[in-house]
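Coordinate inspection notes
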Amino acid sequence: MSTPHTPTPRVRLPRSARDGDEIEVRTLIDHPMITAVSSSDPRDMLARFEASFNGETVIAYDFRNGSAANPTFTFFVRAAAPGDFVFTWTHEDGRSFSTEQSVRIG
Amino acid sequence: MTLLRRTFIKGAAGTAALLVLLPVPVSATTLNPDVAAALDDILDGRTAQETGIEIDAPTVAENGAQVPLTIRVDSPMTAEDHVTAIHILATQNPAPGIGSFHLTPHLTRAEVFTRIRLAEAQEFLVLAELSDGRVLQAAARANVSLGGCAT
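This report concerns the structure included in the present document.

Turning to the overall build of chain B, a few remarks are in order. In terms of helices and strands, chain B carries two helices and eight strands. Going from N to C terminus, chain B has its helices and strands arranged as α-α-β-β-β-β-β-β-β-β. By the burial criterion, 46% of the 151 residues in chain B qualify as buried. Here the contacts in chain B between residues at least 6 apart in sequence split such that 68% fall between residues at least 24 apart. Total accessible area computed for chain B in this model is approximately 7,400 Å², and 58% of it derives from carbon and sulfur atoms.

So this is what it looks like as structure tokens:
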């Protein structure tokens, strides 16, 4: 029984924006996303990604077998207030991996 | 000389245009029972309209394990009128599910980028659920040089 791999989430978004600006958010996490459909390795899959801003969900994604390894997303958010983004990836086994970033307005 | 230049420009424009896939009607796609069931789950009795979705992906994916995919849905993304979900289904993978986005009006546009797995050359389906209950759908065909479902 090997120790499960702990992935490192990475996000790229501006640290400041003007009120109403569009912010481009890019995310990446290192994860093999093993479906175990055609390999003898045990299944090792993320189940869900969620981005929230000041506690409200901005976008989420449910992973299925056809999602690629090292999942990456790009999306566009409106900067309507200063606050904190939280990005969370949840594994099918219940573990979750998060990273945060604040955005200033002005 | 002029003719040559024109031919070249036409050729170059043609190459660029290949990146935006021409939608294939979903109705013209033969669906196996698993894919048809996954589609029915999303539609939940509704009929999808074949409009309003742009799919941007390579027509020939070098590596089926990492196929870049941009999806754009025509939507103002306001509280009253926005895309609530975007579902991606494979027609020839071992399992039809690729993934589902859940969108909110905090997004400025209904545009997302991710990477998907395609086991072989195939059509994949994109369905967009709207806040008024309507569903849009589109399909695109991608060829695959190296199959992408070895894991």
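A few words now on the interface of chain A and chain B. Counting from both sides, the interface comprises 31 residues of chain A and, opposite them, 28 residues of chain B. Summed over both partners, the interface of chain A with chain B comes to about 2,500 Å²; 48% of that surface belongs to carbon and sulfur atoms. Among the residues of chain A in contact with chain B, A:Tyr61, A:Gly66 and A:Phe76 are the three that bury the most area, contributing 22% of the side total. Ionic pairing is found between A:Glu22 and B:Arg109, a salt bridge with its closest N-O pair at 2.7 Å.

Judged by pairing direction, the sheet is mixed, and its ten strands sit side by side in the order β2(A)-β8(A)-β7(A)-β4(A)-β5(A)-β5(B)-β4(B)-β7(B)-β8(B)-β2(B) without closing on themselves. A single partner strand is all that each edge strand has here, and the edge strands are β2 (16–17) of chain A together with β2 (60–63) of chain B. Two strands pair when backbone bridges link them, and strand β4 (residues 46–53) of chain A and strand β7 (residues 83–91) of chain A are joined in this way by seven bridges, in the antiparallel orientation. From the neighbouring strand, A:Leu46 faces β7(A), where its bridge partner is A:His91.

Counting 54 residues, the largest nonpolar core has A:Phe49, A:Phe75 and B:Phe124 as the members making the most contacts within it. It is strand β8 (residues 135–146) of chain B that provides the largest number of residues to this core, a total of five residues. Membership of the second largest hydrophobic core comes to twelve residues, among which are B:Ala38, B:Ala48, B:Leu89 and B:Ala139.

Before going further, it helps to examine helix α2 (residues 33–43) of chain B. Residue and element names in this part refer to chain B. Taken residue by residue, α2 has Val35, Ala38, Leu39, Ile42 and Leu43 as its buried positions. For α2, the buried positions fall inside an angular range of 135 degrees around the axis, keeping them on one side. Relative to its buried face, α2 has exposed residues pointing more than 90 degrees away, namely Pro33, Asp34, Asp40 and Asp41. On its buried face, α2 sits against β4 (83–90), β7 (122–130) and β8. Where α2 begins, one side-chain oxygen reaches toward the backbone nitrogen of aspartate 34, 3.0 Å away; that side chain belongs to asparagine 32. Positioned one or two residues after α2, aspartate 44 has a phi angle of 50 degrees, which is positive.

Attention shifts here to the environment of B:Val83. Residue and element names in this part refer to chain B. Summarising the element assignment, valine 83 is placed in strand β4. Note on valine 83: relative accessible area 0%, which makes it buried. Taking the C-alpha atoms as reference points, valine 83 and valine 135, 52 residues apart in sequence, are found 9.3 Å from one another. Dropping the residues within four chain positions of it, valine 83 is found in contact with Val73, Ser75, Met77, Leu103, Thr104, Ala110, Ala128, Glu129 and Leu130.

This next bit is on empty space enclosed by the protein. All names here are of chain A. Counting across every chain of the model gives two cavities of 30 Å³ or more. Its boundaries defined by the atoms lining it, the second largest cavity holds a volume of some 40 Å³. Lining the second largest cavity, in full, are Ile23, Phe53, Val77, Arg78, Ala79, Ala80, Ala81, Phe85, Val103 and Ile105. Only β6 (72–78) and β8 (96–105) provide two or more residues apiece to the lining of the second largest cavity. Looking at side-chain class alone, the lining of the second largest cavity contains nine nonpolar, no polar and one charged residues.

Inspection of the secondary structure assignment puts A:Asn65 in the loop between β5 (56–63) and β6. A:Asn65 sits in the buried class, given a relative accessible area of 17%. Beyond its immediate stretch of four places on either side in the chain, A:Asn65 contacts A:Thr35, A:Val37, A:Arg43, A:Met45, B:Ala95, B:Gly97 and B:Arg117.

Here we take up the pattern of salt bridges. Applying the stated criterion to the full structure yields 14 salt bridges over all chains. Residue A:Arg18 pairs with A:Asp21 through a salt bridge whose shortest N-O separation is 3.8 Å. Relative accessible area serves as the criterion here: at 57%, A:Arg18 is assigned to the exposed category. Judged by its relative accessible area of 25%, A:Asp21 is partly exposed. For B:Arg109, the salt bridge is made with B:Glu111, and the minimal N-O distance between the two is 3.0 Å. The class for B:Arg109 is partly exposed, based on a relative accessible area of 29%. Overall, the relative accessible area of 12% leaves B:Glu111 in the buried class. Overlapping salt bridges bring together A:Glu22, B:Glu54, B:Asp56, B:Arg72, B:Arg109 and B:Glu111 as one network.

Basis of the calculations
- Residues numbered from 1 in each chain as written.
- Chains lettered and ligands numbered in written order.
- Predicted model: local features only at pLDDT ≥ 70, side-chain atom pairs only at ≥ 80, totals over all residues.
- Heavy atoms only, no water.
- Helix = DSSP H or I, 4+ residues; strand = E, 2+ residues; numbered from the N terminus.
- Buried < 20%, exposed > 50% of the residue type's maximum accessible area, 1.4 Å probe, protein only.
- Contact = heavy atoms within 4.5 Å.
- Areas by Shrake-Rupley, 256 points an atom, 1.4 Å probe, with all protein chains shown as cover.
- Buried area = accessible area lost by both parts, 1.4 Å probe.
- Salt bridge = Lys/Arg side-chain N within 4 Å of Asp/Glu carboxyl O.
- Pairing = 2+ DSSP bridges.
- Core = buried A, V, L, I, M, F, W, Y, C linked by side-chain atoms within 4.5 Å.
- Arc of directions from axis to C-beta.
- Polar contact = N/O pair within 3.5 Å; in protein donor to acceptor, adjacent residues only side chain to side chain.
- 1 Å grid on protein atoms, 1.4 Å probe; cavity = no way out; pocket = protein on both sides within 12 Å on 5 of 7 lines; lining within 4 Å.
- Points joined across faces, edges and corners; volume = space filled by probe spheres on them.
- Nonpolar A, V, L, I, M, F, W, Y, C, P; charged D, E, K, R; others polar.

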